[in-house]
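Structural description and commentary
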Amino acid sequence: MTTAIDDLLSVETLTGMIQTFADQAENRSCSALFSNSARQLFPQGDSASWDEVEFSRHLAPVSGPDSPHTRSKRLGRRKRACSMAMVKVYKDLPASHLFLQRAPGSSTADAESVLTAELEDLANLIANTKEYLACGALLGKIEVNDAKVPGSDVDFTVEFGNATADASASWADEDTKIRSDQLIKLRQHYRDQSGMRAEIGITEPGVEGYLVKNKEIKEFAKETLGGVILSNLNLNGANPQWERLAGLNWRFTDGIYKPQGQPVTRYFDEDTFLVLPAEGRLQQVLGWAEGKVYVPTGPLATTAQAATSLLQEMRGTYAYAEVRTDPVGIRVYAGWYGLPVILNPNAVLVFNVNPQAVTPAP
């Protein structure tokens, strides 16, 4: 048992488990998009820095055979930088909790199962905050303070300046011509704004409700899809039933979190439709910065001195354990150091489908 516990408490094992448990894409669509498709950034210091690049969109001039080449301007760049978010949590696990308490779903004590369950809970807390940050970046603004993220002891705001637009007619009105008018205008607006083709659309269940009720889309469904899209709803990511609607890859996010003592909160804003380019171009648009962190090497730090005598450098996610003597047990630490960033704000369009709705004051 001792050897198994020692192996389980190694830095590599704990960090690997944290990363595995945090992968719950059904509730964390925004952070999954960054993790899977964004450009990976590796800051050397305590802040993330990136270039917002503006590509040329005019025509190259036509010259005669004997004319000199025409000089073209270098790419426009705007240097951006911001401190990264440090997410750090820990749990104290007394020896009685590890070795005497019945493991979840078992009639006997199982220290490994108890530790695994507690570590998964830490991983979920960290992943919730990463999803909050990722959704904020996609919607144009990351805001961290004690009111927004209870328990935080730092305040910072990052505004990326993402493109925004409003529907000319509310999608909540079932008579609105969403397919033949609104989506065509939306795609053209995105093309004009970014110079890229609109390929990915991310929205929330309320907007899918508008689509289901829309008269024009109902007729479209009868003609081409036989009503399949109206009966096979999927709130957990990509939904191929909608894929033929305006040529967009529709994705739906329904992630929620529940602050202690507060009501359930959704990560994604109501009545919002987010437009992005194709997967292959997302590395030009999204960035995922992960900073350096230092953790004790070896399976377990026995004292505070031992925890700092020999350190191991890691990036982004980490976890390690330390022996506690009063009461006897272990303290498990876990965290993440990084920041989701928008490299090209013109290519992230935050579209309000129901501008007539009154937004309550925060």
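The notes below deal with the structure included here. None of these values were measured; they are calculated from a predicted model.

Here the structure, examined in full by the defined rule, presents 9 salt bridges. The shortest N-O distance in the salt bridge between aspartate 121 and lysine 91 comes to 2.7 Å. One end of the pair, aspartate 121, is in helix 5 (residues 111–138); the other, lysine 91, is in strand 4 (residues 85–94), with 30 residues separating them in the sequence. You can call aspartate 121 partly exposed: its relative accessible area is 34%. Aspartate 92 is the salt-bridge partner of arginine 331, the closest N and O atoms lying 2.6 Å from each other. One end of the pair, arginine 331, is in strand 18 (residues 328–342); the other, aspartate 92, is in strand 4, with 239 residues separating them in the sequence. For arginine 331, a relative accessible area of 13% puts it in the buried group. Residues joined in a network through salt bridges with shared partners are Lys91, Glu118 and Asp121.

Take the side chain of serine 170 next. Structurally, serine 170 is set in the loop between strand 7 (163–166) and helix 6 (178–194). Note on serine 170: relative accessible area 13%, which makes it buried. Separated by 2.6 Å, the side chains of serine 170 and asparagine 354 make a polar contact.

About the cut-offs
- Residues numbered from 1 in each chain as written.
- Predicted model: local features only at pLDDT ≥ 70, side-chain atom pairs only at ≥ 80, totals over all residues.
- Heavy atoms only, no water.
- Salt bridge = Lys/Arg side-chain N within 4 Å of Asp/Glu carboxyl O.
- Helix = DSSP H or I, 4+ residues; strand = E, 2+ residues; numbered from the N terminus.
- Buried < 20%, exposed > 50% of the residue type's maximum accessible area, 1.4 Å probe, protein only.
- Polar contact = N/O pair within 3.5 Å; in protein donor to acceptor, adjacent residues only side chain to side chain.

None of the figures reported here should be taken as evidence of function without further support.
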